[in-house]
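# Chain and residue survey
The residues making up each chain are set out below.
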Amino acid sequence: QVQLVESGGGLVQSGGSLRLACEASGRILRILRLDRMGWYRQAPGKQRELVADITYGGSTNYADSVKGRFTISRDNAKNTVYLQMNSLKPEDTAVYYCNAVIVRPTSDYWGQGTQVTVSS
């Protein structure tokens, strides 16, 4: 099993910045790597959506709505993924969830979420 613990959420004014972090832990990480780590978000009344993800090798993928404003990165030695969020907008308000995927054997893990609130 893998445990994911998120940190860094909070309340910020429109145009501000926040940095989220998610640290993964678990004995399985001694022998398997997290092939992909990412961030999803879910706003009230909406479906959970991908924000950004990053492979073990550093390839990234972003939702169109955050391109140019958010940057995802990871530290493989620390099993930690980061999301730097700049130029935040009220529509970025949501619970942000960390996700980690191991390809073989296929397994998928989620954090408990951290609230990000952007005031106008």
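All residue numbers here refer to positions counted from 1 along the written sequence of the relevant chain. Side-chain atom pairs in this predicted model are given and counted only at pLDDT of 80 or more, local residue features only at pLDDT of at least 70, and totals for whole chains, interfaces and linings cover all residues. To get the side-chain values, take all heavy atoms of the structure and skip hydrogens and water.

Glancing now at the nonpolar core. Ranked by internal contacts, the top residues of the largest apolar core, which has 31 residues, are Trp 39, Leu 83, Met 85 and Tyr 96. Runs of H or I in DSSP of at least four residues are treated as helices and runs of E of at least two as strands, each being numbered from the N terminus. Elements represented by at least two residues in this core include exactly strand 3 (18-25), strand 4 (36-42), strand 5 (49-55), strand 7 (70-75), strand 8 (80-85), strand 9 (94-102) and strand 11 (114-119). With five residues, strand 9 is the single largest residue contributor to this core. Discounting chain neighbours no more than four positions away, the residues touching Leu 83 are Leu 18, Arg 19, Leu 20, Trp 39, Val 51, Ala 52, Phe 70, Thr 71, Ile 72 and Tyr 96. For our purposes a nonpolar core is just a set of buried Ala, Val, Leu, Ile, Met, Phe, Trp, Tyr and Cys residues, chained together by side-chain atoms within 4.5 Å. Each residue gets one of three labels from its accessible area relative to the maximum for its type: buried under 20%, exposed over 50%, partly exposed in between, using a 1.4 Å probe on protein chains only. Pairs of residues are marked as contacts when any of their non-hydrogen atoms sit within 4.5 Å.

This next bit is on the pattern of salt bridges. For salt bridges, the criterion is a side-chain nitrogen of Lys or Arg within 4 Å of an Asp or Glu carboxyl oxygen. With the rule as written, the count across this model stands at six salt bridges. Between Glu 49 and Arg 41 there is a salt bridge whose closest N-O contact spans 2.8 Å. You can call Glu 49 partly exposed: its relative accessible area is 37%. Asp 64 serves as the salt-bridge partner of Lys 67, at 3.1 Å between the closest nitrogen and oxygen. Linked by salt bridges that have partners in common, Arg 41, Glu 49, Arg 69 and Asp 92 make up one network.

Our next topic: the state of the cysteines. The rule for a disulfide is simple: a pair of cysteine sulfur atoms within 2.5 Å. Evaluated as defined, the whole model comprises one disulfide. Put simply, Cys 22 and Cys 98 are joined by a disulfide, and their sulfur atoms are 2.1 Å apart. The disulfide joining Cys 22 to Cys 98 has a torsion of about -85 degrees about its S-S bond and is therefore left-handed. Of this pair, Cys 22 sits in strand 3 while Cys 98 sits in strand 9, and the two are 76 residues apart along the sequence. For Cys 22, a relative accessible area of 0% puts it in the buried group. You can call Cys 98 buried: its relative accessible area is 0%.

What follows deals with the pairing of strand 5. By the convention used here, strands pair only if DSSP detects at least 2 bridges between them. As defined by bridge partners, strand 4 adjoins strand 5 across six bridges and the pair is classed as antiparallel. Within strand 5, the residue paired with Trp 39 across the bridge is Ala 52. Here strand 4 folds back onto strand 5 in antiparallel fashion, the turn holding six residues, of which Gly 45 has a positive phi close to 75 degrees. Relative to strand 6 (residues 60-62), strand 5 is paired through three bridges, and the arrangement is antiparallel. Each bridged residue has a counterpart across the sheet, and for Ala 52 the counterpart in strand 6 is Tyr 62.

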